[in-house]
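# Chains, contacts and geometry: an overview
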Amino acid sequence: MKRIAVLASGKGSNLEAIFQAAERGELEGRVVLVISDRQEAGALERARQRGVKALYIDPRPFAGRVEYDRAIMKELEKEAVDLVVLAGFMRLLSKEFVDAYPHRIMNIHPALLPSFPGTEGVKDALEYGVKVTGCTVHFVDEGMDTGPIILQGAVEIKDDDTVETLHQRIQEVEHRLYPRAINLFCQNKIKVEGRRCFILE
Ligand code: GAR
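A brief look at the structure comes next.

## Some thoughts on helix H5 (residues 121-128)
Taken together, the buried positions of H5 are Gly-121, Val-122 and Ala-125. For H5, the angular spread of the buried residues around the axis is 100 degrees, confining them to a single face. Next to the buried residues of H5 lie strand S5 (105-109), strand S6 (132-139) and helix H6 (163-186). Gly-129 sits one or two positions beyond H5 and adopts a positive phi of about 95 degrees.

Set out below in structure tokens:
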């Protein structure tokens, strides 16, 4: 069983989907640690309810991103984590962190990358006027949402969509896609060649 850490800043619906996939026996991995940069993150509560170690690490006392990331890395090392899963973690990781976990950090983004990277992926796609958007699971590199793409799912945009209604439909796809991508990693079924990920079935 691979040991998984989830980093989350928000309500934690993706974390919930990962827990539920594990409970259905669809994940050959175990979430052993959840870390948040926000004390009130729903993700921490969801972890505690399941008896999973949940840590709030306040970024404010740290001099900068590198120092903060080192504090997170120390906790990951203590738990001998194989895979780091970013689930709505709204911070860019330092080079040191990314280099320590090559092709072992995943992120989910609410748009079809490389379109609409950044923190407003849903709003940016809606305002641009594209007819199809979706979500992307990718490995994390030093850039903003630029790493090799593992899986993508498409969502059609309706004329009467708001950011909220669109995000809700994207999240439904996220909740299926993310556990699947994580399980592929756990089964050693993702081969990375340069920018391309191949799924070995
Ligand atoms: C997800 O929709 C994820 O795609 C997005 O944050 C949400 C977290 O939801 N991530 C980003 O925008 C990253 N740039 P959750 O807390 O309910 O899992």
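Don't stop here, the text continues.
## With respect to the environment of Ala-8
Checked against the element boundaries, Ala-8 lands in the loop between strand S1 (2-7) and helix H1 (13-23). As for Ala-8 and Arg-196, which are separated by 188 residues in sequence, their C-alpha atoms are 26 Å apart. Once you skip the residues sitting within four places of it in the chain, Ala-8 turns out to touch Ile-35, Ser-36, Asp-37, Ala-41, Ala-43, Ala-87, Gly-88 and Phe-89.

## Some points on unusual backbone geometry
When glycine is set aside, most residues are seen to have a negative phi, and most peptide bonds are trans. Each neighbour pair has its own omega, and for Leu-113 with Pro-114 the value is 10 degrees, a cis peptide bond. Here Pro-114 lies in the loop between S5 and H5. A positive phi angle, close to 55 degrees, is found at Phe-116, a residue other than glycine. Summarising the element assignment, Phe-116 is placed in the loop between S5 and H5. You can call Phe-116 buried: its relative accessible area is 16%. For Asp-145, which is not glycine, the phi torsion reads 60 degrees and is therefore positive. By secondary structure assignment, the location of Asp-145 is in the loop between S6 and strand S7 (149-156). Classification of Asp-145 by relative accessible area gives buried; the value is 14%.

Quick notes on the rules
Residue numbering note: each chain is counted from 1, following its sequence as written. Restriction of local features to residues with pLDDT of at least 70 applies here, the model being predicted, together with a cutoff of 80 or more for giving and counting side-chain atom pairs; totals for whole chains, interfaces and linings are based on all residues. As a convention, hydrogens and water are excluded, and side-chain values are obtained from all of the structure's heavy atoms. Between buried and exposed lies partly exposed: a residue is buried under 20% and exposed over 50% of the maximum accessible area for its type, with that area taken using a 1.4 Å probe on protein chains only. Note on conventions: DSSP H or I runs of at least 4 residues are helices, E runs of at least 2 residues are strands, and numbering of each starts at the N terminus. Arc definition: directions from the helix axis to the C-beta atoms. Between two residues, a contact is recorded if the distance between any of their heavy atoms is within 4.5 Å.

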